[in-house]
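Residue-level structure breakdown
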Amino acid sequence: IRTLPQFYPAWTIGEIDITFDRSEGVSGYTAALDRVCHEALAAVHNHNKVIILSDRACDKDRVSVSTLVAGAAVHHYLVNQKERSKVALFVETAEAREVHHICVLLGYGIDGVCPYLALETLVKMNSEGLLAGEYTTNDIVNNYKGAINEGILKVMAKMGISTLASYK
C-alpha cells in the first residue's frame, strides 16, 4: 500500500501512529484517541486517499491504543464529519492474528489489515525449521493470506452476507 503513490500519484497516503507514552496512563489513552481522530480528519483535508493507522512504534515506553478502538473511532469520527467516503482506512497491527480479529476490524469499518506480527512470526518459524515442509517466504505469506481470506468468506457466508460492503 505504501508504494501505491508510485503507480497512482493522486493516491497519497497519510500514516498515523496510534501509540502513546506509557507514563501518560489512561489520560494518555484518551488523548491519543482524540489525536488520532483529528490527524485522520487532517489527512482527509490534505487530500490523502488512504490512511494507515499503525502500532509499529510500540516498545517498552510506548503502548498502543487498541487497533479496534482506534479504527472504529476514526471510522465513526469521519462518518460524523461526512468525510469517511473520501478515504480508505487501513490498519497495520500486531494485534490481529486470527480470522476473527480481522473480521471484527472489517466489521467496524476498516478497509484493509496488515497483521505484520503474525506474518513475521510465520516467516521466522519457517526460517528456524519449525514448520513442516519446505516453504519460501512467498509461500508462507500467500498461504496465510489465503487462509485468512477463506476464513473471512466462511464467516460472511454463515451470516448470509455476500459482499464485504454488506459486512461493513
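Procedures and definitions
- Residues numbered from 1 in each chain as written.
- Predicted model: local features only at pLDDT ≥ 70, side-chain atom pairs only at ≥ 80, totals over all residues.
- Heavy atoms only, no water.
- Disulfide = S-S within 2.5 Å.
- Buried < 20%, exposed > 50% of the residue type's maximum accessible area, 1.4 Å probe, protein only.
- Core = buried A, V, L, I, M, F, W, Y, C linked by side-chain atoms within 4.5 Å.
- Helix = DSSP H or I, 4+ residues; strand = E, 2+ residues; numbered from the N terminus.
- Contact = heavy atoms within 4.5 Å.
- Expected span 1.5 Å × (residues − 1).
- Phe/Tyr/Trp six-rings, centres within 6.5 Å; stacked < 30°, edge-to-face > 60°.
- Lys NZ or Arg CZ within 6 Å of the ring centre and 35° of its normal.
- Axes fitted to C-alpha atoms, helices over the stretch in contact; angles between N-to-C directions.
- Parallel < 35°, antiparallel > 145°, perpendicular 65-115°, else oblique.
- Left-handed = near helix turned anticlockwise from the far one by under 90°.
- Nonpolar A, V, L, I, M, F, W, Y, C, P; charged D, E, K, R; others polar.
- Pairing = 2+ DSSP bridges.
- Right-handed = clockwise from strand over helix to strand, strands pointing away.

1. Quick look at the state of the cysteines
Here the structure, examined in full by the defined rule, presents zero disulfides. We note that Cys 103 lacks a disulfide partner, and the nearest cysteine sulfur, in Cys 114, lies 17 Å from it. Residue Cys 103 is classed as buried on the basis of its relative accessible area of 3%. No disulfide involves Cys 114; its sulfur sits 14 Å from the nearest other cysteine sulfur, which is in Cys 58. With a relative accessible area of 30%, Cys 114 lands in the partly exposed category.

2. Remarks on the nonpolar core
Counting 33 residues, the largest nonpolar core has Ile 51, Leu 53, Val 74, Leu 78 and Ile 152 as its most contacted members. Mapped onto this core, the elements with two or more residues apiece are α2 (25–45), β3 (50–54), α3 (67–80), β5 (88–92), α4 (99–107), α5 (116–127) and α6 (137–158). Tallying contributions element by element places α2 first for this core, with eight residues. For Leu 78, the contacting residues outside a window of four places in its chain are Ala 40, Leu 41, Val 44, Ile 51, Glu 83, Arg 84 and Val 87. Formed by five residues, the second largest nonpolar core is a distinct cluster that contains Val 50, Ile 52, Ala 88 and Phe 90.

3. Observations regarding α2
Taking 1.5 Å of rise per residue, the 21 residues of α2 would be expected to cover 30 Å, and the 30 Å separating its terminal C-alpha atoms lies within 8% of that figure. Turning to α2, its buried residues are Gly 28, Ala 32, Leu 33, Val 36, Cys 37, Ala 40, Leu 41, Ala 43 and Val 44. If you follow the buried residues of α2, they end up packed against β1 (13–17), β2 (19–21), β3 and α3. Two residues or fewer past α2, His 47 is found with a positive phi of approximately 65°.

4. Topic: unusual backbone geometry
Backbone geometry at His 47 places phi at a positive 65°, although glycine is not the residue there. In the Ramachandran plot, Lys 82 falls in the positive-phi region, its phi being about 60° despite a non-glycine side chain. Along the polypeptide, Lys 82 turns up in the loop between α3 and β5. Judged by its relative accessible area of 70%, Lys 82 is exposed.

5. Focus: the packing of aromatic side chains
Within the structure shown, the criterion is met by one aromatic pair. Aromatic side chains Phe 20 and Tyr 29 sit 5.9 Å apart centroid to centroid with 90° between the ring planes, which places their arrangement in the edge-to-face category. Its end group placed over the ring of Tyr 116, Arg 56 keeps NZ or CZ at 3.9 Å from the ring centre.

6. Remarks on the packing of α2 against α3
Where α2 contacts α3, the axes come no closer than 9 Å and their chain directions differ by 50°. Classed by the angle they form, the pair α2 and α3 counts as oblique. Every pair of crossing elements has a handedness; the one defined by α2 and α3 is right-handed. Within the contact between the two elements, α2 uses Tyr 29, Leu 33, Val 36, Cys 37, His 38, Ala 40, Leu 41 and Val 44 and α3 uses Val 69, Ala 70, Ala 73, Val 74, Tyr 77 and Leu 78. For the contact of α2 with α3, a count of residues per class yields 13 nonpolar, one polar and no charged.

7. A look at the pairing of β5
With five of five residues buried, β5 lies mostly within the body of the structure. Taken together, the five bridges between β3 and β5 define a ladder with parallel strand orientation. Paired with Ser 54 across the two strands is Glu 92, which belongs to β5. As judged from the three bridges shared by β5 and strand β6 (residues 112–114), these two strands associate in the parallel manner. Note on β6: the bridge partner recorded for Val 91 is Val 113. Remark: the β5/α4/β6 crossover connection has right-handed handedness.

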